[in-house]
Amino acid sequence: MSLLQRLRPAALAAPESGIVRVINHARGREGLIPLWAGEGDLPTPAFIADAAAQSLQAGETFYTWQRGIPDLREALADYVARLYDRPTAPERIFVTGSGMHAIQTVIAALAGTGDEIVFVAPLWPNFAAAAGLAGARPVEVPLEIRDGAWRLDLVQLAAAITPRTRAIFLNTPNNPTGWTADAQTIRAVLDLARERGVFVIADEIYSRFFYAGTRAPSFHDEMRDDDPVIFVNSFSKNWAMTGWRVGWIEAPAAFGDVVENLVQYSNSGVAAFMQRGAVAAIREGESFVASQVERAGAARDLFCDALLATNRVRLVKPEGAFYAFFAIDGIEDGMTAALRIADEANVGLAPGAAFGPTTENYLRACFHRRLDEVEEAADRLVRWIGRAT
Ligand SMILES: Cc1ncc(COP(=O)(O)O)c(C=O)c1O
């Protein structure tokens, strides 16, 4: 038995990200417009980076609070209160080393071998992979396109819950489709969780990237403090901080000791100087967020309208997040198409298979970039579609 084969089966079985396969195929190619990753093109604004640098220079380099520095927990509680018009105690907030770490921590708190977590897909692949690594079984409930919109079948969702189910993972606005749960759907999911004694893990990291209002409908609008709802969130998208790896959990304050221990035994807390940057993002970052969302909205229209005008794509214009998720008529295999589009059109896309088995013919484009680049990418794609079909 090789050393590799002696690793844990769940670790060996962790799926390869289909997105990375395309990136590795065409990385560094001259003139390629990369729409494959889930991030914008702007670096973190200076006022955030400066706050971190000052803290670092001032010697904030020691071990720190496992739950997050008090200033950041307070800033986040204020942020939640402001955004959702809902008083929120800092004791409900726990800082994590990224949105991904928030998800992993919540899974560790809720589910292990033999447990199930129901999730709504297509979905950014990391949740299901992290559940699998923890020994839990991710159970997919697919969104469907009906009457020109992505829809969640609540009967199917209810039917997926078994005595083993520990939680429903709901990402809204959704990566990759942009589907955004309306208030009625959120109420129904919450009622289901209450009735069936399961948690909701609400991944609302794209809540600010919503194109029909200042923010997407949220579980915050419908819940009571004692409801079984746990939020996972991140600094990555709103404040252009993907490389920082800072996120947070919002959960009942009573979970504090457990979350603290889980953080202690994973990353043992987030560097204090990075948390200072995060405080600046929350306290001073509103106009930056607004400008990001406005630009993404313009890019959405430009990109989606260009593709739709070909009459050869199936694409629901996203209500939220910053992705166009589309299928091209006549193309069955999104992975082969993504590799070809990188080679022949010099545009980098993510293959639909990365987001679940029901969308293998799809492609995802992140349009959160400079408008002239988005326009050029759309032109190249439209020309490629014209040649390919
Ligand atoms: C739906 C969703 N949740 C969570 C994350 C995690 O974000 P991060 O780990 O960068 O904070 C992402 C990142 O793409 C995402 O798309």
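Nothing here was measured: the structure is a model prediction, and the numbers come from that model. Within each chain, residues carry numbers counting from 1 in the order of the written sequence. Local features are withheld for residues below a pLDDT of 70 in this predicted model, meaning they are given only at 70 or higher, and side-chain atom pairs are given and counted only at 80 or more; totals for whole chains, interfaces and linings count all residues. Computation of side-chain values: all heavy atoms of the structure, hydrogens and water removed.

## Digging into the overall build of the chain
For the purposes of this entry, the term helix denotes a DSSP run of H or I that reaches at least four residues, the term strand denotes a run of E that reaches at least two, and both are numbered from the N terminus. When helices and strands are counted, the chain shows 14 helices and 15 strands. We compute the radius of gyration over the C-alpha atoms and compare it with the globule rule, which gives 2.2 Å times the number of residues raised to the power 0.38. Rg of the C-alpha trace for the chain: 21 Å, near the compact-globule value of 21 Å for 389 residues, within the 12% margin. Dimensions of the chain, computed from the C-alpha atoms along their principal axes, are close to 60 × 55 × 50 Å. The buried label goes to any residue with under 20% of its type's maximum accessible area, the exposed label to any with over 50%, and the partly exposed label to all in between, with areas taken from a 1.4 Å probe on protein chains only. Out of the 389 residues belonging to the chain, those deemed buried represent 54%. Note on contacts: a residue pair is in contact if any heavy atoms of the two residues lie within 4.5 Å. A sequence separation of at least 24 residues applies to 74% of the contacts in the chain between residues at least 6 apart. Charge assignment in this entry is limited to Lys and Arg as positive and Asp and Glu as negative, and neither His nor the chain termini are counted. Taken as the charge location is NZ of Lys, CZ of Arg, CG of Asp or CD of Glu. Distance between charge centroids for the chain: 4 Å, based on 37 positive and 47 negative side chains.

## Re the site of the ligand
Residues in close proximity to the ligand total 14 residues, the closest being Gly99, Asp203, Ser234, Ser236 and Lys237. Whenever a nitrogen or oxygen atom comes within 3.5 Å of another N or O atom, the pair is scored as a polar contact, on the condition that within protein one atom can donate a hydrogen and the other can accept it, and that pairs from neighbouring residues in sequence are kept only if both atoms are in side chains. At a separation of 3.4 Å, an oxygen atom of the ligand approaches a polar side-chain atom of tryptophan 124. Between an oxygen atom of the ligand and a side-chain N or O atom of serine 236, the distance comes to 2.7 Å. For the ligand, the accessible surface in isolation is 390 Å², of which the surrounding protein chains cover 93%. Among the cavities detected, the one that contains the ligand is the largest pocket. For each residue, the test is whether any non-hydrogen atom lies within 4 Å of the molecule or strand; if one does, the residue is near. Shrake-Rupley sampling with a 1.4 Å probe provides the accessible areas, and residues are treated as covered by the protein chains on show and by no other component. Put simply, the grid is 1 Å and covers the protein atoms alone, a cavity is a trapped set of points that fit a 1.4 Å probe, a pocket is an open set with protein on both sides within 12 Å along at least five of seven lines, and lining residues have an atom within 4 Å of a point. Molecules are considered to sit inside a cavity or pocket once more than half of their atoms lie within 2 Å of its grid points.

## Examining the nonpolar core
As a rule of thumb, soluble globular proteins bury nonpolar side chains together. Here, the term nonpolar core denotes a set of buried Ala, Val, Leu, Ile, Met, Phe, Trp, Tyr and Cys residues that are joined through side-chain atoms within 4.5 Å. By size, the foremost hydrophobic cluster in this structure holds 107 residues, and its most contacted members are Phe219, Phe235, Trp239, Phe303 and Phe326. Counting residues domain by domain, this core receives three or more from each of domain 1 (4-44 + 287-388) and domain 2 (48-284). Discounting residues that sit within four places of it in the chain, phenylalanine 219 has contacts with Leu170, Ile186, Val189, Leu190, Val200, Ala202, Glu204, Val229 and Phe231. In terms of nonpolar packing, the next biggest core, distinct from the first, is built from 25 residues, Ala111, Ile117, Phe127 and Ala251 among them. Domain boundaries shown here were taken from an automatic or database domain assignment.

## A few points about the sheet that holds strand β2 (residues 93-96)
Adjacent strands of a sheet form backbone hydrogen bonds with each other and so pair up, either parallel or antiparallel. DSSP calls a pair of strands paired once it identifies at least 2 bridges connecting them. If you trace the 7 strands from one edge of the open sheet to the other, you get β2-β10-β9-β8-β7-β3-β4, paired in mixed fashion. Edge positions in the sheet fall to β2 and β4 (137-142), since each of these pairs with one other strand and no more. Here the average twist between neighbouring strands, direction ignored, is 20°. As defined by bridge partners, strand β8 (residues 199-203) adjoins strand β9 (residues 229-234) across 4 bridges and the pair is classed as parallel. Across the sheet, residue aspartate 203 finds its bridge partner in β9, namely valine 232. Axis lines are fitted through C-alpha atoms, for helices just across the contact stretch, and the angle between N-to-C directions can take any value from 0 to 180 degrees. Its contacts with the sheet put helix α4 (residues 70-84) on β2 and β10 (247-250), and the angle it makes with β2 is roughly 120°.

## Considerations on empty space enclosed by the protein
The probe, sized like a water molecule, is rolled over the atoms to show the empty space still left. Grid points are joined across faces, edges and corners, and a volume is the space filled by probe spheres set on the points. Under the counting rule described, the total for this entry stands at 1 cavity of 30 Å³ or more. A volume near 90 Å³ is recorded for the largest cavity. If you go around the largest cavity, you meet 13 residues; those closest to its centre are Tyr79, Tyr84, His220, Asn233 and Trp248. Of all the secondary-structure elements, those providing two or more residues to the lining of the largest cavity are α4, β9 and β10. No other element matches the 4 residues that α4 contributes to the lining of the largest cavity. The residue makeup of the lining of the largest cavity, split by class, is 7 nonpolar, 4 polar and 2 charged. Polar here means any residue other than Ala, Val, Leu, Ile, Met, Phe, Trp, Tyr, Cys and Pro, which are nonpolar, and Asp, Glu, Lys and Arg, which are charged; Gly is therefore polar.

## Points about the pairing of strand β7 (residues 165-171)
β7 sits mainly inside the fold: 6 of its 7 residues count as buried. Direction of pairing for strand β3 (residues 116-121) relative to β7: parallel, over a ladder of 4 bridges. Pairing of isoleucine 117 across the sheet is with alanine 167, part of β7. Bridge count for β7 against β8 is 5 bridges, and the pairing is parallel. Across the sheet, the residue bridging to isoleucine 168 is valine 200, located in β8.

## What about the packing of helix α13 (residues 334-345) against helix α14 (residues 371-388)?
Where α13 contacts α14, the axes come no closer than 11 Å and their chain directions differ by 110°. What the angle tells us is that α13 and α14 run roughly perpendicular. In this structure, α13 meets α14 at a crossing whose hand is right-handed. Only Arg380, Leu381, Trp384 and Arg387 of α14 make contact with α13, whose side of the interface consists of Arg340, Ile341, Glu344 and Ala345. Across the contact of α13 with α14, the residue classes tally to 4 nonpolar, no polar and 4 charged. Oblique is the label for any angle not under 35 degrees, not over 145, and not in the 65 to 115 range, which are roughly parallel, roughly antiparallel and roughly perpendicular in turn. Rotating anticlockwise by less than a right angle from the far helix to the near helix defines a left-handed crossing, while the corresponding clockwise rotation defines a right-handed one.

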